[in-house]
Amino acid sequence: MRPTFLGFETQKRTLQVAQKSLDITGNNLSNTNTIGYTRQRVDLYAMYVSGNQSLRWCSETNNLSLTGQGVNAHGVSQIRDQYIDKRYRENVALEAETDKTVEILTEVEDVLDNFETDGLQYFTEQFFKALQDYSVEKPDSSEVATLACNTAVNLCRLLNDYDTQLKQVEQTYVFELEDTVEYVNGLLEDMNILNDRIRKELLNYPEGYGPNELYDQLNLYVDELANYGDIEVTKNTDGTFTVDLAGVRVLDGEELKTTPLIMEEYENFGQAIIHFESGELLNCQTGLLKSYMNMLNGNGVYATGNQNAEYGIAYFKSAVNEFAATIANTFNTANGADEDPVRAMFITDPADAVFTAGNIHVSEGWIEDPTMIGQVRTLDEMTGLYRYGFDEVTDELGNVSLQNTNVIYLLSQFENGDLKFGNAHDFQGDVYEYISFISNRLAQTITYDQSRYDAAVTTVDSLLDARDEVSGVDMDEEGINMLNYQKWYSASSRMLTTLDECLDKLINGTGRVGL
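The text that follows walks through the structure, step by step, so that each part is easy to find. (Residues numbered from 1 in each chain as written. Predicted model: local features only at pLDDT ≥ 70, side-chain atom pairs only at ≥ 80, totals over all residues. Heavy atoms only, no water.)

We now examine the nonpolar core. Residues Phe127, Leu159, Leu177, Phe346 and Trp366 are the most contacted members of the largest nonpolar core, which totals 106 residues. Looking at this core element by element, the count peaks at 23 residues for helix H4 (residues 142-201). (Core = buried A, V, L, I, M, F, W, Y, C linked by side-chain atoms within 4.5 Å. Buried < 20%, exposed > 50% of the residue type's maximum accessible area, 1.4 Å probe, protein only. Helix = DSSP H or I, 4+ residues; strand = E, 2+ residues; numbered from the N terminus.)

What the rule picks out here adds up to 21 salt bridges. A salt bridge links Lys100 to Glu103, with the nearest nitrogen and oxygen atoms 3.1 Å apart. Placement of the pair is Lys100 and Glu103 together in helix H2 (residues 82-112), with a separation of three residues, close to one helical turn. What makes Glu103 partly exposed here is its relative accessible area of 31%. The network of salt bridges with shared partners includes Arg80, Asp85, Arg89, Asp223 and Arg467. (Salt bridge = Lys/Arg side-chain N within 4 Å of Asp/Glu carboxyl O.)

Scanning the model with the defined rule gives zero disulfides in all. No disulfide involves Cys149; its sulfur sits 9.2 Å from that of Cys156, the nearest cysteine. Overall, the relative accessible area of 3% leaves Cys156 in the buried class. (Disulfide = S-S within 2.5 Å.)

Here the focus is helix H12 (residues 475-509). Compared with an ideal rise of 1.5 Å per residue, which puts 35 residues at 51 Å, H12 spans 50 Å between its outermost C-alpha atoms and is within 8% of the ideal. Residues Glu478, Ser492, Leu499, Leu503 and Gly509 constitute the buried set of H12. Looking at the buried positions of H12, the neighbouring elements they touch are helix H1 (6-30). Capping of H12 at its N-terminal end is provided by Asp474; its side-chain oxygen lies 2.9 Å from the backbone amide nitrogen of Asp476. (Expected span 1.5 Å × (residues − 1). Contact = heavy atoms within 4.5 Å. Polar contact = N/O pair within 3.5 Å; in protein donor to acceptor, adjacent residues only side chain to side chain.)

This part takes up helix H10 (residues 405-412). Every buried residue of H10 is accounted for by Asn406, Val407, Leu410 and Leu411. The arc that holds the buried residues of H10, viewed along the axis, is 145°, so those residues lie on one side. (Arc of directions from axis to C-beta.)

Our focus in this paragraph is the side chain of Thr25. Note on placement: Thr25 falls in helix H1. With relative accessibility at 4%, the residue Thr25 sits in the buried group. For Thr25, the contacting residues outside a window of four places in its chain are Glu478, Asn481, Met482 and Tyr485.

Throughout the structure, instances matching the rule amount to 22 aromatic pairs. Look at Tyr122 and Phe123: their rings are 5.3 Å apart centre to centre, the planes differ by 90°, and that puts the pair in the edge-to-face class. When its relative accessible area of 23% is taken as the criterion, Phe123 is described as partly exposed. Centre to centre, the rings of Tyr183 and Tyr228 are 5.8 Å apart; their planes meet at 45°, and the pair counts as tilted. (Phe/Tyr/Trp six-rings, centres within 6.5 Å; stacked < 30°, edge-to-face > 60°.)

Next up on the list: unusual backbone geometry. In most cases, non-glycine residues show a negative phi, while peptide bonds are predominantly trans. Between Asp349 and Pro350 the backbone carries a cis peptide bond, its omega angle lying at 10°. Relative to the helices and strands, Pro350 is located in the loop between strand E9 (346-348) and strand E10 (360-362). We note that Ala246 has phi near 55°; this positive angle belongs to a residue other than glycine. If you trace the backbone, Ala246 turns up in the loop between strand E4 (241-245) and strand E5 (248-252). Classification of Ala246 by relative accessible area gives buried; the value is 18%. A positive phi angle, near 55°, is found at Leu256, a position not held by glycine. Its location among the elements puts Leu256 in the loop between E5 and strand E6 (257-258).

Limitation: the analysis is restricted to geometry and does not speak to function.
Okay, here's the thing in structure tokens:
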């Protein structure tokens, strides 16, 4: 015969566990719309019975023991799938990276303003047409020559405007990157504070369990941090999280310390340089930080120092600079500026600088005398000196006519297929082909990253759905659980009533004949 009150103890514990299960179900339902909340459950186990002989009764041969002691709970756990979390964080980094890359390149595209049709292509064609109109007129036709000079001025102004606007776009994202670095450092500090709270709270929990709500907040921070780079997360034995960013430990849960990012002054280097406080350079494989670095430091074949070979703002700035330099040097050389600087059609401001889109201008000599490009340099055999004048041709009758040979030669430079653009010859071909080349490269880069973004969005959405199926609160499922736990509680209560009736019979009815 078992101990009299064992059944009461068993059912009391059952009521407690049933009540706790109802409490957790109610907590899940209450947090249905709470961002970052992870569904919780009570982890149950059947009370085991020791095989020790001292716990048996009646006789040593009686195999009855204290079987049937009911249920108990280990604790309240969260329902999460670590594999889904890892995949989600990997793909959300790619989504954030490609989204920012497309955003930045689209702004570059807006600056260049239909590079091939309405922008640089258009103003280059206007310059070509003006020279063409001049070439069929007499070289001393100052009115037509002035129109040609004016179209060159417009082309230079467009290039100057490109340089200004591209620098504005660049500066905008430099500021954004500085704010992003500060935000990431703040995020790491918040995570470190949570780690400290979790470690202190864990003293009040059974082994393997902890403050679930604090873990929800910490996981939210980890999900947010995943947008900025490739991370690795480890849960330590003391319940804290350790996080590596780009292979460097930025959050040490066991030591309760962070390793912040440091961004050097952009103006000092002309490049985005970010390193950890511990000294390692940031080298993210994916994420927002990688996008910013690629777009600010991506300089294609022009890359130097900490720049890279991606096609970012730096590359398209260099491409426009290269166009300006090639145009200026080609036409200056064709007009004889290599032998005599006064023949320069284009100059820099300040003088003697390398031609860029920002400093290219039409020379004062050309503006003051638009027919300068219609004149040729000849050697005066009488004086031995060079002079400039119009190319005169005398026919058999002694009539003198002016030839526009120099302007015609200048025109041929537009179709010079041997022009080389860029370090390591980024492109070889004529002026118009280079414009198409840069336009196509920009469009192809945007299209490529847009396709990567679309694929990443699809993957992230599917992973979010999978995570919600595991960790999200399902109202229908929780409603069913609530009914089950309520029936469980009611049945256990009824069992207590039955045990009470049995005990009453045992106490008041035992040994009384006829009762």
